[in-house]
Amino acid sequence: MKKKLKILYLGNFGNKFSDKTEEHIKFAFEKLGHEVITFEEKEFNTQRLLSIKADLFLFHKGGENFGVGLPRLIELLNKMTIQKVCWYFDKAWKGREIWLDRVTPFVDYMFVTDETWARRRNFNNVRILRQGIGNENLSKGKVVEKYKGDTAFVGASYGQRYSFVEALKEVYGGGFKTYNNVFGRDLYDLCASTKIFVAPLFPQDNFYWSSRVYMIIGSGGFLLHPKLEGIKTEFEDKKEIVYYRNGRELKEYIDYYLEHETERLSIQEAGYKKCIENFTYLDRVKNMLGTII
C-alpha cells in the first residue's frame, strides 16, 4: 500500500464564484485516504504555514489573487523542508509567465494545464496535468425552463471572446444565450436544458484549453470546440465532442446538430461517459500522486 500523506493545501476555498475546484481536489485526496489540512489563500501567513506539520505542500497560485507578492511566496518555499507541489491552472501569458518562471525553480513539481508554456521551457520538474470534473455529483441534471434554449456560451465575455459572442448573437438572436458564474448542480441543469454549447477560439491554442471542456461535457452537455492538436488525445471528434476550425464551420455545425437530434444526443452521451470515467478530479489526483510518491 502506498504511503498515506498529510497534505497542507493552500487554496481559495471560500470562492462562491467558481467551480469549487479546491473542494473537488480535497475530496479526491480524502477519498484516496490522505489527510488534508486546508489553509485559505486570503489568510496567507508564512510563519503559520511553516508551523504546520505535513508531508506535502500543495498550492495553485500561492495567494496571488489576494495580493501576496512573489517575494513572500518564494520566501515560504525557500524555508519549507517538505515536498512542494504547485498545480497551475490558467493559460500562461504576460504576468503569469513571469510568475511561473520565478516559482518553478522553488518547487519539487510544477503541474500545469498550459502545455504550450511547458514546451517553451526546459524545466525538469514541470508536468502536464489537466483539470477535470468534480467527483461528488455526477448524476445528470434536469430540464429547467429558465435554461431551455438552442445554443449557449458559458463564461465571461471579454476581448476576442466578446466578438465571438456578438457574432453568434447577430446570427441566432434569442436562440443564442450567454451565462456566467453557473456552477455545480445549476450547471448540470443548464446542460440538460440547452441543446448546444460553444467554446470560443480564444484563448485556446494547440496545447492549451480551458476547464470548460470538462465542466460542460462532464455535466452532460453537447460541446462544439475549436479543433486543437492536443485535445484529440482526450475526446474523439464526432463521437464524444465536435471540433470546428473557423466561424463558418461553427455555424454549419450549430445548424446541423440542431436538426439532427439523435446524432447530437449520441455524441453528448458518449462524451459524458468518457469524462466521468476518465477525467474526474479523482483521476487527475491519482495521476499526480503517481508522479510524486
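Everything discussed here concerns the structure shown above.
Residues numbered from 1 in each chain as written. Predicted model: local features only at pLDDT ≥ 70, side-chain atom pairs only at ≥ 80, totals over all residues. Heavy atoms only, no water.

Asks: Explanation requested: helix α7 (residues 184–193) in the structure shown.
Replies: An α-helical turn contains 3.6 residues, so a residue and the one three or four places further along point in the same direction. Regarding α7, the residues found buried are L187, Y188, D189, L190, C191 and S193. Against β7 (149–154), β8 (176–179), β9 (194–198), α8 (212–218) and α10 (261–278) lie the buried residues of α7. (Buried < 20%, exposed > 50% of the residue type's maximum accessible area, 1.4 Å probe, protein only. Helix = DSSP H or I, 4+ residues; strand = E, 2+ residues; numbered from the N terminus. Contact = heavy atoms within 4.5 Å.)

Asks: Mind showing me how you'd approach the sheet that holds strand β5 (residues 109–112) here?
Replies: Either a parallel or an antiparallel arrangement is found when strands of a sheet pair, and the pairing is made through backbone hydrogen bonds. Pairing within the open sheet is parallel, and its six strands lie in the order β2-β1-β3-β4-β5-β6. Bordering the open sheet on either side are β2 (35–40) and β6 (126–128), each of which pairs with just one other strand. Here the average twist between neighbouring strands, direction ignored, is 20°. Helix-sheet contacts for helix α1 (residues 21–31) involve β1 (6–11), β2, β3 (56–59) and β4 (83–88), and the interaxial angle to β1 is about 175°. (Pairing = 2+ DSSP bridges. Axes fitted to C-alpha atoms, helices over the stretch in contact; angles between N-to-C directions.)

Asks: Explain the packing of α1 against helix α11 (residues 281–292) to me, please; I cannot follow it from the model alone.
Replies: For any two helices packed against each other, the geometry is given by the interaxial angle and the distance between the axes. Two elements in contact, α1 and α11, have axes whose closest approach is 9 Å; the angle formed by their N-to-C orientations is 65°. The hand of the α1/α11 crossing is right-handed. Between α1 and α11, the contacting residues are T21, H24, I25, A28, F29 and K31 on the first element and Y281, L282, V285, M288 and L289 on the second. Among the residues forming the contact of α1 with α11, the class breakdown is eight nonpolar, two polar and one charged. (Left-handed = near helix turned anticlockwise from the far one by under 90°. Nonpolar A, V, L, I, M, F, W, Y, C, P; charged D, E, K, R; others polar.)

Asks: Got a minute to help me understand the sheet that holds β9 in this structure?
Replies: The parallel open sheet is built from five strands, whose spatial order is β8-β7-β9-β10-β11. Because the sheet does not close on itself, it has two edges, and the strands there are β8 and β11 (242–244). Going across the sheet, the axis of each strand differs from the next one's by a mean of 30°, ignoring polarity. Relative to strand β10 (residues 223–226), β9 runs parallel, the two sharing two bridges. Counterpart to V198 in the pairing with β10 is L224.

Asks: So what exactly am I meant to see when it comes to the pattern of salt bridges here?
Replies: Side chains carrying opposite charge are able to pair once their charged atoms draw close together. Summed over the entire model, instances satisfying the criterion amount to 24 salt bridges. Between D189 and K142 there is a salt bridge whose closest N-O contact spans 3.3 Å. Note that D189 is positioned in helix α7 and K142 in the loop between β6 and β7, a separation of 47 residues in sequence. In this structure, R284 engages E234 in a salt bridge whose closest nitrogen and oxygen atoms are separated by 3.3 Å. Placement of the pair is R284 in helix α11 and E234 in the loop between β10 and β11, with a sequence separation of 50 residues. Assigned by exposure class, R284 and E234 land together as buried. The network of salt bridges with common partners includes E97, D101, R120 and R121. (Salt bridge = Lys/Arg side-chain N within 4 Å of Asp/Glu carboxyl O.)

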